[in-house]
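Coordinates in review
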Amino acid sequence: MTLLSWIAGFLLMSITAAQDLNHFPENVVLAKINENSVNLTCGAPTAGPVIWKLNDEDIDFEDHVEQKDKNLIVKGVDRPLLGEYSCWRGNAKLSSAYLLQETEEGEDIDSLLTCHAKSYDCNFSCSWTNSRYAVVRLGIGPECSKGQRSCQWVSSSGQLENEGFQFELYHNLSPFAEESSMLEVTAEAIDNHFLLLRKTKLFYLRDIVVPDSPQIVSSEVVGQQLSVNIKPPSSWSTPYSFFSLEHEIEYVLRDDGRTERSSSSLIPKRISKLRVRCRDPLVLSPWSQWTPWKNVRNSCRRKKQKKSKLPSRCLEHCKKKMEERTKDAKRSQCL
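If you're wondering where the values come from, they're calculated on a predicted model, not measured in any experiment. (Residues numbered from 1 in each chain as written. Predicted model: local features only at pLDDT ≥ 70, side-chain atom pairs only at ≥ 80, totals over all residues. Heavy atoms only, no water.)

1. Side note on the side chain of S127
What counts here: Starting at the N terminus, helices and strands are each numbered in turn, a helix being any DSSP run of H or I of at least four residues and a strand any DSSP run of E of at least two. Any N or O atom pair separated by 3.5 Å or less is treated as a polar contact, with the protein-specific requirement of one donor-capable and one acceptor-capable atom, and with residues adjacent in sequence counted only for side-chain atom pairs.
Among the secondary structure elements, S127 is positioned in strand β10 (residues 123-128). In this structure the side chain of S127 is engaged in a polar contact, spanning 2.9 Å, whose partner is the side chain of Q166.

Right, dumping it as structure tokens:
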């Protein structure tokens, strides 16, 4: 087998195996850049000899790997030698470990990972938008940025339409205290060649807060204006007196169809429809999405006129007149 065909075969097996990954492997052995050799140990106690495989295929032991008892030494670690190494006894798979290699390739973390929060509560979400990575996991804090075992990694909570990943994360920052500490979110991603990319993103919680759309509760005519009653989104932090929101109303005038905006809850009453959005005024967060357009009925309704009541003496006088007319009518009939 020539060197070129050997490399091509290993690359094909590695890519196929990496595409089959559906979760971040628990047992990872990381080979740093320019590291010459790595020692792998069969993790299950067993008596007798074991056989090592790479991506469930037999390994050529002559030039690149050396087995000593249950251990396997991988020499000259490079992309063709990365993947899942497993030790076997007969047809039984005893244990496995993924040999990965660190890489500094890839885009800037800000183009790979975006995070946002709906409020100042303890949870927020992040999206990994690059689809060339087989699996991704996230962690918060310096333990994760340093790759320590104490890191509490978070797996993906779902997959995006563009084949990226969605994550739900939690922090321990107090929503009532002035924010002085930055959130430190680290991502570890494995691509189709078993290269491990580790990137850390630093940001303040206030920088990622984008409220949900508010709620239009009601509207009523007040003089020559329309008063719009707006309620914060249900996902927004409480109490609302402390976590204030400012609103902007966009409306269409009924007479000429012009579209205008107002930061006041009082707007012209002759409008055909309106919608609302909100933001945090203290940090000038991005605006929320607009609510759906809400049609407004003609506000120029005539008030029902109340029937006037006659004084009681007038009613008695009218009653007597009616009785007299009735008697006169009967007399004329008799004549």
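Structure shown, so let's carry the discussion forward.
2. Considering the packing of aromatic side chains
The following threshold applies: In this analysis, rings of Phe, Tyr and Trp, with Trp reduced to its six-membered ring, are considered paired at centre separations within 6.5 Å, and the interplanar angle assigns stacked below 30 degrees, edge-to-face beyond 60, and tilted for intermediate values. Residue exposure (1.4 Å probe, protein chains only): buried if accessible area is under 20% of the type maximum, exposed if over 50%, otherwise partly exposed. As a reminder, the over-ring test applies to NZ of lysine and CZ of arginine, requiring each to be within 6 Å of the ring centre and within 35 degrees of the ring normal.
A full pass over the atoms with the stated rule returns eight aromatic pairs. Consider the rings of Y120 and W236, whose centres lie 5.8 Å apart with planes at 70°: the pair is edge-to-face. Of this pair, Y120 sits in the loop between β9 (113-116) and β10 while W236 is found in the loop between β17 (225-231) and β18 (246-253), placing the two residues 116 residues apart along the sequence. A single burial state applies to Y120 and to W236, both of which are buried. In this structure an aromatic cluster arises from ring pairing among Y120, F176, W236, F242 and F243. In this structure, K273 is placed above the aromatic ring of W293, and the distance from its NZ or CZ to the ring centre is 4.7 Å.

3. Comments concerning the state of the cysteines
Filter applied, for reference: Here, the term disulfide refers to a pair of cysteine sulfur atoms separated by no more than 2.5 Å.
For the structure on display, the rule yields three disulfides. The side chain of C115 participates in a disulfide bridge whose partner is C126; the two sulfur atoms lie 2.0 Å from each other. Its S-S torsion of about 105° marks the bond between C115 and C126 as right-handed, since a negative value means left-handed. You can see C115 sitting in strand β9 and its partner C126 sitting in strand β10, a full eleven residues away along the chain. Each sulfur in the disulfide pair C144 and C151 lies 1.9 Å from the other.

4. Details of the sheet that holds β18
Here is the rule: The criterion for strand pairing is that DSSP finds at least two bridges linking the strands in question.
Sheet architecture is open: four strands sit in the order β19-β18-β21-β22, paired in antiparallel fashion. One side of each edge strand has no neighbouring strand; the edge strands of this open sheet are β19 (259-262) and β22 (294-295). For β18 and β19, the ladder comprises four bridges, and the chain directions are antiparallel. Within the sheet, the bridge partner assigned to V252 lies in β19 and is T259.

5. A word on unusual backbone geometry
Omega for the peptide link from T238 to P239 comes to 0°, which places this bond in the cis form. In this fold, P239 is placed in the loop between β17 and β18. The phi torsion at D69 lies on the positive side, around 55°, for a residue other than glycine. Looking at D69, the relative accessible area reads 73%, which means it is exposed. Positive phi, close to 50°, is recorded for L284, a residue that is not glycine. Mapped onto the elements, L284 comes out in the loop between β21 (271-279) and β22.

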